[in-house]
Structure formats: structure tokens, C-alpha cells
Amino acid sequence: MTKRIATWNINSVRLRMPLIERFVQSHQPDILCLQEIKCRQAEFPSAPLTAMGYKHIAINAQKGYHGVAIASRVPFDRSFTREFCQKGDARHIAATFDPGVLGAEPVTVHNFYIPAGGDIPDPQLNPKFEHKLSFLDELEAWTKSDGLANGKSVLVGDLNIAPLETDVWNHKALLKIISHTPIEVDRLQRVFGAGPWVDAIRHLVPEPERLFTWWSYRSPNWEAANKGRRLDHIWLSKTLAPQLKTMEILKDARGWDRPSDHVPVTVDLED
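Reading guide: rules and limits
- The written sequence of each chain sets the order in which its residues are numbered from 1.
- For a predicted model such as this one, the threshold for reporting local features is a pLDDT of at least 70, and the threshold for listing and counting side-chain atom pairs is 80 or more; totals across whole chains, interfaces and linings nevertheless cover every residue.
- With hydrogens and water excluded, all non-hydrogen atoms of the structure serve as input to the side-chain values.
- Defined by distance alone, a disulfide is two cysteine sulfur atoms within 2.5 Å.
- Strand pairing is assigned whenever DSSP identifies at least 2 bridges connecting the two strands.
- Helix numbers and strand numbers start at the N terminus; a helix is a DSSP run of H or I with at least 4 residues, a strand a run of E with at least 2.
- Angles shown run from 0 to 180 degrees and are taken between the N-to-C directions of axes, each axis being a line fitted to C-alpha atoms and, for helices, limited to the stretch in contact.
- Residue contacts follow a heavy-atom distance rule, with two residues in contact if any of their heavy atoms lie within 4.5 Å.
- Salt bridges are defined as contacts in which a side-chain nitrogen from Lys or Arg sits within 4 Å of a carboxyl oxygen from Asp or Glu.
- Relative accessibility under 20% of the residue-type maximum defines a buried residue, over 50% an exposed one, and the middle range a partly exposed one, all with a 1.4 Å probe and only protein chains included.
- Orienting the strands away from the viewer, one traces the path from the first strand over the helix to the second; a clockwise path indicates a right-handed crossover.

1. Quick notes on the state of the cysteines
- Per the stated rule, a full pass over the model turns up zero disulfides.
- Distance from the sulfur of Cys 39, which forms no disulfide, to the nearest cysteine sulfur (Cys 33) is 16 Å.

In C-alpha cells, the structure reads:
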């Protein structure tokens, strides 16, 4: 059987529930990972998700900012969160699925919203950028100490870094722009190598093809300008990678009514 996993920075889950409903109707993900839900746990719209078949929901939320959630049509055994940098800012949620759901072994899905980092790419001048780098350092250390990519694991989310030259519209123009600076790319590559992980999107669509998942609200004609970045990622443990069959970046969703600036990304895994 094939299971579909989706990741989407929804930029306010309550505001964009009609978009989620539209996406679910057209793409039917089995496991939906959301970032930037921007609501407290009691305010999370579980009822419409449950009505769409997502009866198993794990939430790490806070008032007004950040927040992540996993909504699943298939049951998971347990869910858990990890706090980074002692901030308490709701940037991670994970769920472990029993054998038989995504294969013969248990599979843990980690959903992350890594800090954006502000506007000045200098950790001495910009506390938000320093926080982003510290977060990545902690994630690298945890990946190593707990063997996050051992066994069968999936890491998804808005990682807020476009690592490759073809993950941005203009490599040279963005070298000093947060999300594509060399120091961030290096940190993310360390996390990636600590798994080691397989980049599911680039595994199926390698360079030099350009791939974007985010287009700024500041662009009045985002589609024509196409000044995008690939900030949203799906990584697989090497033992799970052979099950990878297809992936899709739903660019059309950026043009929907009242859209997020990110679009959904999906992968299909075959047991």
C-alpha cells in the first residue's frame, strides 16, 4: 500500500482551513504536517480535520506564533515534543507509527518549524539569527545523540533554509539574504549529514532543475517573477528511502484565495 505524507507551512491554520480542505480533497494525504499554526491548543480546529478523516492529531502550540501539528488518518502509537534553545516556542512535534502503517517497522515522523532568523545575517547583531544557528546546532547534536535517522524516520517541515544554488531564484543575489547564507547552509548540511538523511525531493528531482516551495507576499506578481526559494523539506532515513515513489510541490496553491506564502509538498511511500 502507498501512504502520502504532506508538509505545509499554513501560516495560520484557522484562517486557512478552507485551503486545507481544498488540498485534502484534491490530494488526500494520509499524514498532514502543518507549521505556523498560530493558535493555542484549545483553539486548534480539530473538528473539521476529524470530519475529513484525520482522527489522530498531535499538536505543539502557543498563542499567536509558531506552532506545529500532525494530523493523521492512520493511528500513531505516541507523540512527543522537544524544546530547543530553552525558548518554549513550539517548533517540533513527532509521532511514532506502529509497524504496518508505513512498512514492517515503526516509523517516526518529525515535524519542524525552524526559526526564520530575522533580516541581518550576523549572530552578533541579530539575536533572531543567533537563535536560528543555535537551534540548528542543537538539532545536529540531537540527531547524533538519539540517532534520529536510525531505523525508519521522516523529517519534514519549514526548515527556513534553501541549501542548493538551484533552490533559489538567484544564488549570487541571495548569498547575503537570510535563508541562503553560507553559514546557514553549512549548519543545515551538518544536520543532514548527522543522520545521514536522504533529501526526498532532490532524490527524485535532482539538480540542475530549480525547485521552489515559497514565494514572498512582497512580490506583486509572484508567478511571473518566480523569485522563489525551496524552504520546505522532506528528509528520509536511508532505510526508508527505498520506499519513496513520487513527490509533488503544489505550486498552484500559492495562487489560491488568501494563500500561505508556502505551498504543500508531498511524498508517496510504498510499503
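2. A short note on the sheet that holds strand S7 (residues 107-113)
- Spatially, six strands are ordered S5-S6-S7-S8-S12-S9 in an open sheet, and the strand pairing comes out mixed. Every other strand in the sheet has two partners, leaving strand S5 (78-80) and strand S9 (197-199) as the edge strands with one partner each. Strand-to-strand, the axes of this sheet are offset by a mean angle of 20 degrees, without reference to chain direction.
- Relative to strand S8 (residues 152-158), S7 is paired through seven bridges, and the arrangement is parallel. Across the sheet, the residue bridging to Val 107 is Lys 152, located in S8.
- With respect to the sheet, helix H3 (residues 127-146) is in contact with S5, strand S6 (92-97), S7 and S9, its orientation differing from that of S7 by roughly 170 degrees.
- Where helix H4 (residues 182-194) meets the sheet, its contacts fall on S9 and strand S12 (232-237), and the angle it forms with S9 comes to roughly 120 degrees.

3. With respect to the pattern of salt bridges
- Across all of its chains, the model carries twelve salt bridges by this definition.
- Salt-bridge contacts for Asp 268 lead to Arg 4; the nearest nitrogen and oxygen are separated by 2.6 Å. Taken as a pair, Asp 268 in strand S14 (residues 265-270) and Arg 4 in strand S1 (residues 2-9) lie far apart in primary sequence, 264 residues in all.
- Taking the shortest distance from any N to any O, the salt bridge between Asp 89 and Arg 91 comes out at 2.8 Å. With respect to burial, Asp 89 and Arg 91 carry one shared label: buried.
- Through salt bridges with shared partners, a single ionic network connects Asp 167, Asp 199, Arg 202 and Arg 230.

4. Focus: the environment of Glu 140
- Of note, Glu 140 is situated in helix H3.
- Measuring from C-alpha to C-alpha, the distance between Glu 140 and Lys 227 comes to 30 Å, with 87 residues separating the pair along the chain.
- If sequence neighbours within four positions are ignored, Glu 140 has contacts with Arg 190, Val 191 and Ala 194.

5. Regarding the pairing of S8
- Counting buried positions along S8 gives seven out of seven residues, so the element sits mostly inside the fold.
- Tracing the backbone out of S7, into H3 and back to the parallel element S8 gives a crossover that is right-handed.
- Here five bridges tie S8 to S12, and the two strands are oriented antiparallel to one another. Across the sheet, residue Asp 158 finds its bridge partner in S12, namely Asp 232.

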